[in-house]
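Inside the fold
Here's the letter readout for the chains.
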Amino acid sequence: MNPPTQSVTDTHASDHDDVALDIIARVRSVVQTSESVALHEPNLGELEQRYVNDCVASGWVSSVGRFVDQFERDLAAYTGAKYAVATVNGTSALHVGLILAGVGRDDEVICPALSFVATANAISYCGAVPHFVDAEYRTLGMDAEKLRSYLSEISRVEGDRLVNRITGRRIAAIVPMHTLGHSVDMPALLATAETYGLPIVEDAAESLGTTCGGQHTGTFGLVGALSFNGNKIMTTGGGGAILTNDHEIAVRAKHLTTTAKVPHPWQYVHDEVAFNYRMPNLNAAMGCAQLERFPDFRERKQILASDYRHHFSDCKTAQFVDQWEKESSNFWLNAIQIAKPTDDPLPLRNAILQKTNEAGLMTRPMWDLLSDLPIYSACPHADLTVSQDIAQRTICLPSSVGLVPATA
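Residues numbered from 1 in each chain as written. Predicted model: local features only at pLDDT ≥ 70, side-chain atom pairs only at ≥ 80, totals over all residues. Heavy atoms only, no water.

Residues F71, L75, L98 and F228 are the most contacted members of the largest nonpolar core, which totals 80 residues. Here this core gets 8 residues from one element, more than from any other, and that element is helix α9 (residues 281-311). Leave out the neighbours within four places in its chain, and L98 touches V103, V109, A122, I123, C126, V175 and V201. If you look at the next biggest cluster of nonpolar residues, it comprises 26 residues, including V19, A305, L361 and V404. (Core = buried A, V, L, I, M, F, W, Y, C linked by side-chain atoms within 4.5 Å. Buried < 20%, exposed > 50% of the residue type's maximum accessible area, 1.4 Å probe, protein only. Helix = DSSP H or I, 4+ residues; strand = E, 2+ residues; numbered from the N terminus. Contact = heavy atoms within 4.5 Å.)

In structure tokens, the structure reads:
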């Protein structure tokens, strides 16, 4: 997504309504129904029912069973990661990923201000402090070059530690988030991270099926975290996964997510404080079925994105948020950005949101910047000009897999 070049003049409420009606017509041309349309809903069928029924019949419905093992193997194979560890949700995967990267109490962790709150929450679970940085228009994700410049200004090296000059806290890791399924420029970010000796923990919650330069998101850093919540392209009901290419990290991830229980024929031995973050076999059964169908899901998402791209190609007031040149996006949520006005963009954005939802088209804004939330307002942050602009002008459109007929 390139920086916006078009602009619109100040408009009044009636003009806002006209813009909204035009956008409604374009979206209806894509979804091809006059019925109410959800933002993103799961696509479940006979295969999921069969696998879940098999799981129920086996009696192994909790944290142990063949579907968990199969799901982890299949997920690793699909993403190209050497190891995958299934978890109860994406936030738990990110939490443990941060621990595996060595994040501890009173550390600072670099993360995007433009993200879902779970990114910052997982950092807080470690007793650490989110340190918010800016996004770029091209990817909607963390701006690696701007981060490099920022770190050169605010950090210093003390032995093997990178320290924030202002707060005196150790900067422990970088957590990029692949926004709406679009990949961060990971090669550029890896270069910045290497310069400053920082591990990367990828928040790939939204980006299953997205690649950057042919490599799957979540496999660039020390670890990556996926989500399989009900609003993702594929779902396990609730669930997540840790991806890594490091055997020792994978073994420790499994240990920490299974209450640090030491194997023993009958005794309950736990060797450290850990977490009950295991994915139940019942959820994994659904995940195995969904992952089998995922190539078709992804192809249908490409078709849907292409339709939106076409129907907004001549729109003067909004442009489609497209993939950038080095990525192949899963287009988890299709989105548009309203053209940059000469005044406050929020009245027009909110008018579009109101009118589309009243018309039965579930649209949503981007998240408020995490740095603006009262719970995180005291956290350190860089200049966030681009993130603020993206947040105020972006609208997410109906994106369910089921809006496109099955390709097989």
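Quick look at the side chain of T87 now. Structurally, T87 is set in strand β2 (residues 83-87). Residue classification places T87 among the buried positions, given a relative accessible area of 0%. Polar side-chain contacts of T87 include one of 2.9 Å to the backbone oxygen of N89. Side chain to side chain, T87 and S92 meet in a polar contact 3.5 Å long. (Polar contact = N/O pair within 3.5 Å; in protein donor to acceptor, adjacent residues only side chain to side chain.)

Strand order in this open sheet of 4 strands is β2-β12-β11-β8, and the pairing throughout is mixed. Of all the strands in the sheet, just β2 and β8 (201-203) have a single pairing partner and so form its edges. Mean inter-strand twist for the sheet, computed between neighbouring axes without regard to direction, equals 20°. As paired elements, strand β11 (residues 223-227) and strand β12 (residues 240-244) share 4 bridges and run antiparallel to each other. The residue bridging L226 from the neighbouring strand is A241, located in β12. Helix-sheet contacts for helix α3 (residues 66-79) involve β2, β11 and β12, and the interaxial angle to β2 is about 130°. Most of the contacts of helix α4 (residues 90-100) go to β11, to which it runs at about 170°, and overall it touches β2, β8, β11 and β12. (Pairing = 2+ DSSP bridges. Axes fitted to C-alpha atoms, helices over the stretch in contact; angles between N-to-C directions.)

The tally for this structure, following the rule as stated, stands at 7 aromatic pairs. Aromatic side chains F132 and Y376 sit 6.2 Å apart centroid to centroid with 75° between the ring planes, which places their arrangement in the edge-to-face category. Linking F132 in strand β4 (residues 129-133) with Y376 in the loop between β19 (364-365) and α11 (385-393), this pair joins segments that are 244 residues apart in sequence. On the basis of relative accessibility, which here comes to 0%, the residue F132 falls in the buried class. Sitting over the ring of F67, R66 keeps its end group 4.0 Å from the ring centre. Lying over the aromatic face of W324, R138 brings its terminal NZ or CZ to 4.6 Å of the ring centre. (Phe/Tyr/Trp six-rings, centres within 6.5 Å; stacked < 30°, edge-to-face > 60°. Lys NZ or Arg CZ within 6 Å of the ring centre and 35° of its normal.)

Another aspect to go through is the pattern of salt bridges. For the structure on display, the rule yields 18 salt bridges. With its nearest N and O atoms 2.7 Å apart, the salt bridge here joins D314 to R26. Of the two residues, D314 is situated in the loop between α9 and β15 (318-320) and R26 in helix α1 (residues 13-31); the sequence distance between them amounts to 288 residues. The salt bridge partner of K146 is D383, with a shortest N-O separation of 2.9 Å. Residue K146 is located in helix α6 (residues 144-154), and its partner D383 is located in the loop between β19 and α11; the two are separated by 237 residues in the primary sequence. (Salt bridge = Lys/Arg side-chain N within 4 Å of Asp/Glu carboxyl O.)

Within β11, 5 of the 5 residues are buried, which leaves it mostly tucked inside the rest of the structure. Burial along β11 is two-sided: V223, A225 and S227 and G224 and L226, pointing in opposite directions, are all buried. For β8 and β11, the ladder comprises 3 bridges, and the chain directions are parallel. Residue pairing for β11: D203 is matched across the bridge by A225.

When you line up the elements, S387 lands in helix α11. Through-space distance from the C-alpha of S387 to that of S328 is 22 Å; in sequence the pair is 59 residues apart. Residues in contact with S387, not counting those within four places in the same chain, are L114, V133, D134, A135 and L369.

Now for a nonpolar patch on the surface. A contiguous nonpolar surface patch, about 210 Å² in accessible area, is contributed by V56, V61 and L282. Mapped onto the secondary structure, V56 falls in helix α2 (residues 46-58). (Patch = residues over 30% accessible without salt bridge, like charges linked within 9 Å, V, L, I, M, F, W, Y side chains within 5 Å. Areas by Shrake-Rupley, 256 points an atom, 1.4 Å probe, with all protein chains shown as cover.)

As enumerated under the stated definition, the model contains 0 disulfides in all. C379 supplies the cysteine sulfur nearest to C111, a cysteine that is in no disulfide, at a spacing of 8.1 Å. The buried category is assigned to C111, whose relative accessible area is 0%. Here C396 is not disulfide-linked; the sulfur of C315 is the nearest cysteine sulfur, at 16 Å. (Disulfide = S-S within 2.5 Å.)

With that out of the way, let us pick up α3. Over its 14 residues, α3 runs 20 Å from end to end, which matches the ideal 20 Å to within 8%, given 1.5 Å per residue. Once α3 ends, the next one or two residues include G80, with phi positive near 85°. (Expected span 1.5 Å × (residues − 1).)

Our next topic: the confidence of the model for the protein chain. Averaged over every residue, the pLDDT of the protein chain is 95; residues scoring 70 or more account for 97%. When the criterion is pLDDT under 50, residues 5-9 qualifies, and its contacts beyond four places in sequence or with other chains add up to 16 contacts. (pLDDT = per-residue confidence, 0-100.)

As a packed pair, α1 and α9 sit with axes 9 Å apart at the nearest point and diverge in direction by 145°. α1 and α9 meet at a crossing whose hand is right-handed. Where α1 abuts α9, its residues R26, V27, S29, V30 and V31 lie against L304, D307, Y308 and H311. For the contact of α1 with α9, the residue count by class is 5 nonpolar, 2 polar and 2 charged. (Left-handed = near helix turned anticlockwise from the far one by under 90°. Nonpolar A, V, L, I, M, F, W, Y, C, P; charged D, E, K, R; others polar.)

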